[in-house]
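Breakdown of the fold
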Protein chains: 2
Amino acid sequence: MHHFALWVAAGGIRGTMIGIKRLADELGLSIGTVSRALNNRPDVNDATRQRVKEAALRLGYVPNQSGRSLRAGQTGVVAFVMQTGHEITGHGDTFIMGVFSGIQTALAKHRLDLVALLCPSDEDAEDYLKRMVSRGFADGFILSSTQHVDRRIDFLAERGVPFVTLGRSSSDAGQPWIDTDFAGIAEVSIARLASKGHRRIAITVPNDETNLGFVFTEAARSALHAQGLALDPELIFGFVPNEASGYDIASRLLALPDRPTAIILLNPGLTIGLYRRLIEAGVEPGKDIAVIGRDSPQSPFLSPRLTYFREDLDSLGIALGQALLASMPRFAKSYPSGVVRQVWPSELIEGESDGLVIR
Amino acid sequence: MHHFALWVAAGGIRGTMIGIKRLADELGLSIGTVSRALNNRPDVNDATRQRVKEAALRLGYVPNQSGRSLRAGQTGVVAFVMQTGHEITGHGDTFIMGVFSGIQTALAKHRLDLVALLCPSDEDAEDYLKRMVSRGFADGFILSSTQHVDRRIDFLAERGVPFVTLGRSSSDAGQPWIDTDFAGIAEVSIARLASKGHRRIAITVPNDETNLGFVFTEAARSALHAQGLALDPELIFGFVPNEASGYDIASRLLALPDRPTAIILLNPGLTIGLYRRLIEAGVEPGKDIAVIGRDSPQSPFLSPRLTYFREDLDSLGIALGQALLASMPRFAKSYPSGVVRQVWPSELIEGESDGLVIR
DNA sequence: ATCGTTTCCGTAAACGTTTACGGTATTATG
DNA sequence: CATAATACCGTAAACGTTTACGGAAACGAT
């Protein structure tokens, strides 16, 4: 049986932590020599180095991060900042996981670790970031869900902290960013719909100040213009990034006196809610209305098959990671100079959901 | 215009970092007094304390984390450990975000920060954890996706590091855990199906060594036994936690000479893939086969409506956070003693997908 | 006025690293 | 053999905090 009565971890972290001093004692060496041996400094005997490394491995010694970063002024950590709850919501977990994976492959070359910083939903995003930066939590930051005006960007730039953003912003401190190619999405989808005779095309934009809403609205406007169409304000549907919002949008759309014949869903989460509501109303996607969406784990499995835009998230993550590395003084030399500010292409996966042709 | 040519962050982190020394100089005080003032120690004049706090706020001073944790031997950080890619996959992002939110409310009382540690998919999970623990990254750890035998548990217990696991394991070091009530899910769903006349009920279990597969298999076996039924090995479908796997399971199921009349999906991601494949084959969920699933953001919007089990993730997260706090020496006194090892109840949401009645 | 308390603050050590510097053997050079 | 160069290692300072300790005022009581 186990000691159910009082399970309080024995010594906390420090209790059993094995430090460089302990390792040095074990070897009969000074801590200086041990440190140099482990860090592959030139002025240490090869035999000694082997001996030290062997002992370190045997005793499970790993340099204490606090000590190291205090001395070096750097942490070896890169932080991806997101907000609990309302962040990647609607994209499904594969979105963020794909990006993470890419970032990590970029960071691995320099033995940097990626962690996700979770801003509580009841704390101000800017305050939280300030706290984390000032505390010296990481050597570089990756910001997501960038706002139209985003004071976090100004703050980081002013502090001289290396950072990149996933998503551009009108707050521009000259920092690198990578963003979805919303212009491309607008052009391709609207041209496609227009060629099928659609003239009333609805779009969806976030309800809040997320910057992509501004970007996409403009992109859609000019794409429509290029087809000789106008953007009807009545056909701009605000959303929050979840499934219920898609359901709600469908309701509003169906209630319209002059219904659109097509809709472009900017957020993947919307799709299934919209589908559900349409089906309830006996309106079949692809047959009675055209729907174009974004990628999510569910996208390939919807019935009727969804037409959607897909991005290569892994390579996006790699680019994002490299952009950050290029702006970190230590690593900049290994990367081409010049700020990365790049829209990332989307590929159109053709399904049945936009099959409707207006004669 | 901006300086596009060479955007390398100015001084890195340290360059502009304002430390306690700087703050003390500014105030004409010693660093000791400043520190005491900020930490609400009794032996400092109230007027001085106000002056210090005001100046700290004005200058944006935040104690450097490395210095602080080096001195105190604690970091003020709790780490949720997950694996990039294969972790929460299939559950949708609301699952993990709900849990995070709960954990954070529990931690907020003690001003602890929650971060997510992302083990790269190409690194061994145990090695990664060892690295993070030894480096002193956090004061406490929350492990997820526990394996049937999970050496991480033994390691943490041996090191005396406070930790809890989300999901039990056969590796038992007496640590606290919280897990889904798989027995309850098995009993309720199987009793429900049996009462509708089902006798060939298929179940799904993870392909890998994830512990919940072992737990659920046994739970299902005894729940079936209670209904006078047996668990047919042919009706145990292995899965990986994603949508494509659900599609695949449906294919295998349809190809069976003696098809099951019902299936229980243990992972939410499977559902939509299974639905898709069934619909392709002209087999309608709820009419031609009974399907019971788990909660995901999509669950309420599937057609036909899914019958599924839902958990209150926020309260689960709170309990998980409190369990961890109770095992941390600093905070244990604020929490009831006794190890938390708890299965978390699920609620059945009735839909149409299990409507099929066998006469 | 003396002495004991209390209040407040400065000093310095410690946490675990890394690294500049200096010192002692060892080897090379004349 | 004497000297210079080299190889290797120990010493100590520094990073930014927190906190035990001690000291100097200010205050209270006798």
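Just so it is clear, the model here is predicted, and its values are computed rather than measured. (Residues numbered from 1 in each chain as written. Chains lettered and ligands numbered in written order. Predicted model: local features only at pLDDT ≥ 70, side-chain atom pairs only at ≥ 80, totals over all residues. Heavy atoms only, no water.)

Time to look at helix 7 (residues 151–159) of chain A. Residue and element names in this part refer to chain A. Residues Arg152, Ile153, Phe155, Leu156 and Arg159 constitute the buried set of helix 7. Projection of helix 7 onto a plane perpendicular to its axis shows the buried side chains occupying an angular sector of 165°, all on one side. Residues Arg151 and Glu158 are exposed on helix 7 and point more than 90 degrees away from its buried face. Where helix 7 is buried, its residues contact strand 1 (77–83), helix 6 (125–134), strand 3 (140–143) and strand 4 (163–166). Two residues or fewer past helix 7, Gly160 is found with a positive phi of approximately 70°. (Buried < 20%, exposed > 50% of the residue type's maximum accessible area, 1.4 Å probe, protein only. Helix = DSSP H or I, 4+ residues; strand = E, 2+ residues; numbered from the N terminus. Arc of directions from axis to C-beta. Contact = heavy atoms within 4.5 Å.)

Here we come to the environment of Leu70 of chain B. Structurally, the position occupied by Leu70 of chain B is in helix 4 (residues 65–72). Given the relative accessible area of 36%, Leu70 of chain B is considered partly exposed.

All names here are of chain A. Overall, the coordinates contain 7 aromatic pairs over all chains when judged by the stated rule. Between Phe182 and Phe216, the aromatic rings sit 6.5 Å apart at their centres with planes inclined by 70°, giving edge-to-face as the arrangement. Here Phe182 is found in helix 8 (residues 182–195), whereas its partner Phe216 is found in helix 9 (residues 211–226), with 34 residues between them in sequence. (Phe/Tyr/Trp six-rings, centres within 6.5 Å; stacked < 30°, edge-to-face > 60°.)

Turning our eyes to something else, we now look at the domain arrangement of chain A. Where interface size is quoted, it is often the accessible area lost as the parts come together. The domain architecture assigned to chain A consists of domain 1 (20–63), domain 2 (77–180 + 313–344) and domain 3 (182–311). Put simply, the middle of domain 1 of chain A and the middle of domain 3 of chain A, counted by C-alpha atoms, are 61 Å apart. (Domains from an automatic or database assignment.)

Okay, the sheet that holds strand 6 (residues 201–206) of chain B next. Backbone-to-backbone hydrogen bonds pair the strands of a sheet. The strands run either parallel or antiparallel. Residue and element names in this part refer to chain B. Strand order in the open sheet formed by 6 strands is 7-6-8-9-10-12, and the pairing between neighbours is mixed. Each edge of the open sheet is held by one strand with a lone partner, namely strand 7 (236–239) and strand 12 (347–349). Here the average twist between neighbouring strands, direction ignored, is 20°. Against the sheet, helix 8 (residues 182–195) engages strand 6, strand 8 (262–264), strand 9 (290–294), strand 10 (307–310) and strand 12, with an angle of about 160° to strand 9. Seen against the sheet, helix 10 (residues 243–255) touches strand 6, strand 7 and strand 8 and runs at an angle of roughly 155° to strand 7. (Pairing = 2+ DSSP bridges. Axes fitted to C-alpha atoms, helices over the stretch in contact; angles between N-to-C directions.)

Here we come to the environment of Asn40 of chain A. Assignment of secondary structure puts Asn40 of chain A in the loop between helix 2 (31–38) and helix 3 (46–59). In terms of polar contacts, Asn40 of chain A uses its side chain to reach the side chain of Lys53 of chain A, at 2.9 Å. (Polar contact = N/O pair within 3.5 Å; in protein donor to acceptor, adjacent residues only side chain to side chain.)

Time to look at the pattern of salt bridges. Tallied over the entire structure, the rule returns 50 salt bridges over all chains. Notably, a salt bridge pairs Glu234 of chain A with Arg200 of chain A, separated by 3.5 Å at the nearest N-O pair. Pair noted here: Glu234 of chain A is in the loop between helix 9 and strand 7 (236–239) and Arg200 of chain A is in the loop between helix 8 and strand 6 (201–206), with a separation of 34 residues, a long-range link. The exposure class assigned to Glu234 of chain A is partly exposed, which follows from its relative accessible area of 39%. For Arg49 of chain B, the salt bridge is made with Asp46 of chain B, and the minimal N-O distance between the two is 3.9 Å. Of this pair, Arg49 of chain B and Asp46 of chain B both sit in helix 3 (residues 46–59), 3 residues apart, roughly one helical turn. Within this structure, Asp113 of chain A together with Glu123, Arg131 and Arg135 of chain B form a network of salt bridges that share partners. (Salt bridge = Lys/Arg side-chain N within 4 Å of Asp/Glu carboxyl O.)

Further remarks concern the sheet that holds strand 12 (residues 347–349) of chain A. All names here are of chain A. The mixed open sheet is built from 6 strands, whose spatial order is 7-6-8-9-10-12. Edge positions in the sheet fall to strand 7 and strand 12, since each of these pairs with one other strand and no more. Averaged over neighbouring strand pairs, the angle between their axes works out to 20° when direction is ignored. Pairing of strand 6 with strand 8 (residues 262–264) involves 3 bridges; the strand directions are parallel. Bridging across to strand 8, Ile201 finds its partner in Ala262.

Turning our eyes to something else, we now look at the protein's contact with DNA strand C. The environment of DNA strand C is made up of 27 residues, and the closest members are Ile20, Ser35 and Arg71 of chain A together with Thr33 and Thr48 of chain B. In DNA strand C, the atoms that sit within 4 Å of the protein are 58% sugar and phosphate, with bases accounting for the remainder. Arg68 of chain A places a polar side-chain atom, nitrogen or oxygen, 3.0 Å from a phosphate oxygen of DNA strand C. Thr48 of chain B places a side-chain nitrogen or oxygen 2.7 Å from a phosphate oxygen of DNA strand C. (Near = heavy atom within 4 Å.)

Now for the protein's contact with DNA strand D. The environment of DNA strand D is formed by 27 residues, the closest being Thr33 and Thr48 of chain A together with Ile20, Ser35 and Arg71 of chain B. Protein-proximal atoms of DNA strand D, defined as those within 4 Å of the protein, fall in sugar or phosphate at a share of 59%. Between DNA strand D and the protein, one listed contact pairs a phosphate oxygen with a side-chain N or O atom of Thr33 of chain A at 2.6 Å. Between DNA strand D and Ser35 of chain B, the relevant distance is 2.7 Å, taken from a phosphate oxygen to a side-chain nitrogen or oxygen of the residue. Those elements that place two or more of their residues in the surface near DNA strand D are helix 2 and helix 4 (65–72) of chain A together with helix 2 (31–38) and helix 4 of chain B. Of the residues belonging to the surface near DNA strand D, the class tally is 8 nonpolar, 11 polar and 8 charged. (Nonpolar A, V, L, I, M, F, W, Y, C, P; charged D, E, K, R; others polar.)

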